[in-house]
Structures are given as C-alpha cells and as structure tokens.
Amino acid sequence: MIKTVKGCKDIYGEDIEYFRKAEKVMRDTARAFGFREIIPPVIEYSELFQRSVGKDTDIVEKEMYTFTDKGGRSITLRPEMTASVARAYVEHHFETLPSPVKLFYIGPCFRYERPQKGRYREFYQFGVEVLGDESPLLDAEVISLAYRISEKSGIKGLKVRLNSIGCKKCRPHYKEVLREALKPHYEELCDDCKRRFYTNPLRILDCKREKKELKESLPKITDYLCEECKSHFEKVQNYLKLMDIPFELDNSLVRGLDYYTKTVFEVVSEDLGAQNALLGGGRYDYLIEELGGRHTPGLGFAIGMERFVEVLKAQSKIIEKETSIYIAYQDSTLKAALDIASNLRDKGFTVLVDSKGGSFGKQLSRSGKRNSDFTVIVGEDELKKGTVQLKDMRKKEQKEVKVEKIIEELMSNES
Ligand code: AMP
C-alpha cells in the first residue's frame, strides 16, 4: 500500500469543516482590516530564502526541500510565505501603491522537520504582511488582527507573548553581552546551542533544551534597546492597551527567522502541548532591502492552520451542520426529483439524490444511514396532485406538502 509521504497528511472529514470555517473567519477578518489576497507560487529560487530567512537558521540549514530543476536552477518548495510576498513587492513595484500595502495569503509550506504532534513536513499557513510603514500603531493593529481572528473563531485561553529584539544598531551589542554571559556556561549548552553561540546566540534563549534557570539569569534584550527601538516598543504596548488586547512580555521570545527586527510576538494555546505556538510574527524593517528593494519597513504574522484546527476541535465540539436533504423517487418522477434538488441547492440546502433507486423503503433506509434531516419522497401519485411526501427523519414524522411549499416547510422546521 502506498501511504502519504512522511510528515504529510490528508485533511478530510470533520477536519476539513473546521479548516474551511477557520479559513473563512481569517479571510473575512483580514478583509475587514483592509488586507487584499495574494497567491504566490509554491516554488521559488532557493536564493530567496537564503537571503531572507537567513543562511544560519534551522529552516535554511536543515529543513528546506531543495532540488535542481531540468534547467539546472536551484528551486525550493517554500518553507514560509513572507519571503515570497516581499519578493512580489519588489518585483511588481508595489512601492508605487499607496502605503502601507496590506496583503494576506493562505497556502501550503514545506519544512523537512522531525514530524510530531503539531509539526508536519507539509502544513498550511494563513498570514498577513503590512509593507511600507514603520508606525508602531501597525504593530498593534497586526497583533490585534491575530487576536481577533482567534477570538472570532471561538478560541479561548490564548496568550499573546510579546518582545522586542532590537535593530541593526542595538542588537549586535546585545549579542556580545549575551555571549559574554554565556561563556562560563558554554560546556553545559546542547550541541545546537554550542553552534548558535557563534552564529546567533539569541536563539539560545528560546531553546527548549536549555535550563530555565540559566536562561532567566541572562541579560534581557529589552535593557539594551536603542532609544528608537525602546520608544517603538513602548508605543506598541500602549496601543495594545488602547485596543484591549491582553499580552505578556517575554524576553525569551526571539523567533527562528533572521529577518525580524523590533517587535516579535506569538499567540500560544495551552491546548497544543509542546508545539504550543498557534501563530507567530513580527516586524522586518530590512527584509525588502535585502531582496534588492528600497528601504521598506514591514511586519506580519503566520498562523499554522493545522494547529488552529486542533485548538478549534478541542474547544468547540460542534460545527454548525447545514440541513441535509435526501431525495427519493420513482423512475417516472426522476425529472421532478431533479428539479426539486436543484431548487433546494439554490437555496443553500445540502441535497443528495438517491443513485441506486428501488423501493421507497430502501431509499429511506439509505437516507437514514446518511443521517439526513429530511427525505423528500417524490411519488407518482402525489406528483399528479402537485405534492410530495416530506419526512422528518429525526422526529420520524411524514406529511404531504405542495411542491412549491417544500422550501417554506423546511425553513419553518430549521432550528
Ligand atoms: P514560522 O513561519 O516558523 O514563524 O511559524 C508560524 C506558524 O506556522 C507557527 O506558529 C505554527 O503554527 C506554524 N508552523 C510552523 N512550522 C510548522 C510545522 N512544521 N508544522 C505545522 N505548523 C507549523
């Protein structure tokens, strides 16, 4: 038997209902905040991610699906979508549009990670990007959008973790301070962190293998921010308070991608276990420049759809079910049955027309197995009178109704 590729999964059954429900809330809420959709390609030149996500990051070092195409080009299945949106911004001269440019996306991403609960090799991200404006009000707005999406979907018990990781001016100094503080503990560090000590010591702060006491004893980046980053961070916090978005400051939050500057944030849920970040994002004021554009500040976040669905399922048991209708008929009434099905579908009902035929008894039994709410029985004798039998499958009640009154009757029965 051929199975799904390791770390990938089919999304079907109940999960797809949650997935589409979540997607609708995300799209509608992003639109209400003035975002427009962009659909970038799934493959990009590998260089895009090396230059944006960063050569020394786990993603680029270990997790990319990269191959050489028949034309000898190095191609990568995107591990995230911010880089693609930034590339599109430069390529299509979005800087000529009124700023800020606000875009959202949804699509599959690929990372060659060790699969576990909440971590897959193919996963979907919904995300937003705001480009061309450095106002801290936008940081707060983007965080509030992330929060509202989760809230509107009915998710409870969420926490917004917030930090600032400074900019090109102040971060290098902090990295040195951090290295100094870590030096006496170098031998205690895990193998990954021994490497990070030289390449990117900030990542040691969010390594789950390092001791909590060690991490808590280290100097905090927010004490080393330059004036500009400090004032920006204070304003973000004030605006979040104005917007009634609860948040916690967390100095260990650094995020795994190189392009972040100033504000970084995550929304976490206790319902997720070890991989508890429902979404993550931050500001990236140099990314567009790295990709050859003009200086263009930007920020955004990405939600992992699979994790979002998992929390939704854990917290909201029942997804609204549409009234479903089964149509039973005789050979001579097929045309009328199909017309009734078509009218009901136009009104938004979910309609199944029996495909196997036979006695009404058999068709009703199939309707029952499908858990239909109603069966419309289109019999020849009734049809001559312009009527059908309508059976309420839950109440086990049946009545004769005029064909033109079926919809009215169904509506009056909908709870
Ligand atoms: P990142 O692009 O790493 O900032 O991740 C943003 C969000 O995408 C995370 O908070 C997760 O919800 C989700 N995510 C990242 N990697 C994976 C993965 N391998 N499997 C499932 N979801 C993921």
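Residues numbered from 1 in each chain as written. Predicted model: local features only at pLDDT ≥ 70, side-chain atom pairs only at ≥ 80, totals over all residues. Heavy atoms only, no water.

### Looking at the overall build of the chain
Spelled out, the test is: A helix here means a DSSP run of H or I that spans at least four residues, while a strand means a run of E at least two residues long, and both kinds are numbered starting from the N terminus. Radius of gyration means the value over C-alpha atoms here, while the globule rule gives 2.2 Å times the residue count to the 0.38 power. Note on classification: 1.4 Å probe, protein chains only; a residue is buried when its accessible area is under 20% of the maximum for its type, exposed when over 50%, partly exposed between these limits. Throughout, a contact is declared for two residues whenever any of their heavy atoms are within 4.5 Å. Only the protein chains shown count as cover for residues, and all accessible areas are computed by the Shrake-Rupley method using a 1.4 Å probe. Under the counting rule used here, the positive set is Lys and Arg, the negative set is Asp and Glu, and His together with the chain ends is not counted. Here the site of a charge means atom NZ of a Lys, CZ of an Arg, CG of an Asp or CD of a Glu.
A count of helices and strands for the chain gives 15 helices and 16 strands. Against the 2.2 N^0.38 benchmark of 22 Å for 415 residues, the chain shows a C-alpha radius of gyration of 27 Å, more extended than a compact globule. Within the chain, buried positions represent 51% of all 415 residues. A separation of at least 24 residues holds for 68% of the contacts in the chain among residues at least 6 apart in sequence. Taken as a whole, the chain presents about 21100 Å² of accessible surface, with 50% of it coming from carbon and sulfur. In the chain, which carries 71 positive and 68 negative side-chain charges, the distance between the mean positions of the two groups comes to 3 Å.

### Focus: the site of the ligand
As a reminder, the rule being used: For each residue, the test is whether any non-hydrogen atom lies within 4 Å of the molecule or strand; if one does, the residue is near. Any pair of N or O atoms that falls within 3.5 Å is considered a polar contact. Within protein, one atom must be able to donate a hydrogen and the other to accept it, and sequence-neighbouring residues count only if both atoms are side-chain atoms. Residues are grouped as follows: Ala, Val, Leu, Ile, Met, Phe, Trp, Tyr, Cys and Pro are nonpolar; Asp, Glu, Lys and Arg are charged; all remaining types, including Gly, are polar.
Every one of the 16 residues lining the ligand counts as a neighbour, but Arg 111, Glu 113, Tyr 120, Gln 125 and Arg 255 are closest to it. For the ligand, an oxygen atom lies 3.2 Å from a polar atom in the backbone of Gly 304. Burial of the ligand by the protein chains amounts to 92% of its free accessible area of 480 Å². Those elements giving two or more residues to the shell around the ligand turn out to be β6 (122-131), β10 (277-283) and β11 (298-304). Counting residues per element, the shell around the ligand draws most heavily on β10, at 4 residues. Residue classes in the shell around the ligand are distributed as 7 nonpolar, 4 polar and 5 charged.

### Some points on helix α4 (residues 82-91)
The element α4 is extensively covered by neighbouring structure, given that 8 of its 10 residues are classed as buried. Along α4, the residues classified as buried are Thr 82, Ala 83, Ser 84, Val 85, Ala 86, Arg 87, Ala 88 and Tyr 89. In the core, the buried residues of α4 are packed alongside β2 (43-45), α2 (46-52), β5 (101-110), β6 and α10 (287-290). Downstream of α4 by one or two residues, His 93 has phi in the positive range, about 55 degrees.

### Quick look at the pattern of salt bridges
The line we're drawing: Note on definitions: salt bridges are taken to be side-chain nitrogens of Lys or Arg within 4 Å of carboxyl oxygens of Asp or Glu.
Tallied over the entire structure, the rule returns 40 salt bridges. Ionic pairing is found between Glu 228 and Lys 262, a salt bridge with its closest N-O pair at 2.9 Å. Here Glu 228, found in helix α9 (residues 227-242), pairs with Lys 262, found in strand β9 (residues 261-269); they are 34 residues apart in sequence, far enough to count as distant. Under the relative-accessibility criterion, Lys 262 is labelled buried at 5%. Connected through shared salt-bridge partners, Asp 58, Glu 61, Lys 62, Asp 192, Arg 195, Arg 196 and Arg 209 make up one network.

### Brief notes about unusual backbone geometry
The peptide bond linking Ser 99 to Pro 100 adopts the cis configuration, its omega dihedral lying at 0 degrees. As for its placement among the helices and strands, Pro 100 is situated in the loop between α4 and β5. One non-glycine residue, Lys 262, lies in positive phi territory at about 50 degrees.

### What to know about the packing of aromatic side chains
The test is simple: Any Phe, Tyr or Trp ring, taking Trp's six-membered ring, that has another such ring centre within 6.5 Å forms a pair; planes under 30 degrees apart are called stacked, those over 60 apart edge-to-face, and the others tilted.
Under the criterion given, the structure shown has 11 aromatic pairs. Both rings, one in Tyr 174 and one in Tyr 224, keep their centres 5.7 Å apart while their planes meet at 45 degrees; by these two values the pair is tilted. Of the two residues, Tyr 174 is situated in helix α6 (residues 171-182) and Tyr 224 in the loop between α8 (212-217) and α9; the sequence distance between them amounts to 50 residues. Between Tyr 186 and Phe 197 the ring centres are 5.2 Å apart and the planes differ by 75 degrees, which places this aromatic pair in the edge-to-face class.

### Brief notes about the sheet that holds strand β4 (residues 74-77)
One key point about sheets: their strands pair by backbone hydrogen bonds, in either a parallel or an antiparallel sense. We count it as follows: Two strands make a pair as long as DSSP finds a minimum of two bridges between them. Geometry is summarised by axes, namely lines fitted to C-alpha atoms with helices restricted to the contacting stretch, and by angles between N-to-C directions that run from 0 to 180 degrees.
Spatially, 3 strands are ordered β2-β4-β3 in an open sheet, and the strand pairing comes out antiparallel. In the strand order of this sheet, the two ends are held by β2 and β3 (65-68), each with one partner. Strand-to-strand, the axes of this sheet are offset by a mean angle of 35 degrees, without reference to chain direction. Where β2 lies against β4, 3 bridges are found, and the strand directions are antiparallel. Bridge pairing links Ile 43 to Leu 77 in β4.

### Concerning the domain arrangement of the chain
Selection criterion: Residue ranges assigned to the domains are those given by an automatic or database domain assignment.
The domain boundaries assigned to the chain delineate domain 1 (13-170 + 225-314) and domain 2 (324-407). Distance between the C-alpha centres of domain 1 and domain 2: 48 Å.

### So, the pairing of β9
Of all 9 residues that make up β9, 9 are buried, and the element is covered over most of its length. Relative to β9, strand β7 (residues 158-164) runs antiparallel, the two being bridged by 7 bridges. Bridge pairing links Ser 164 to Thr 263 in β9. Pairing analysis gives 6 bridges linking β9 to β10, with the strands arranged antiparallel. From the neighbouring strand, Glu 266 faces β10, where its bridge partner is Gly 280.

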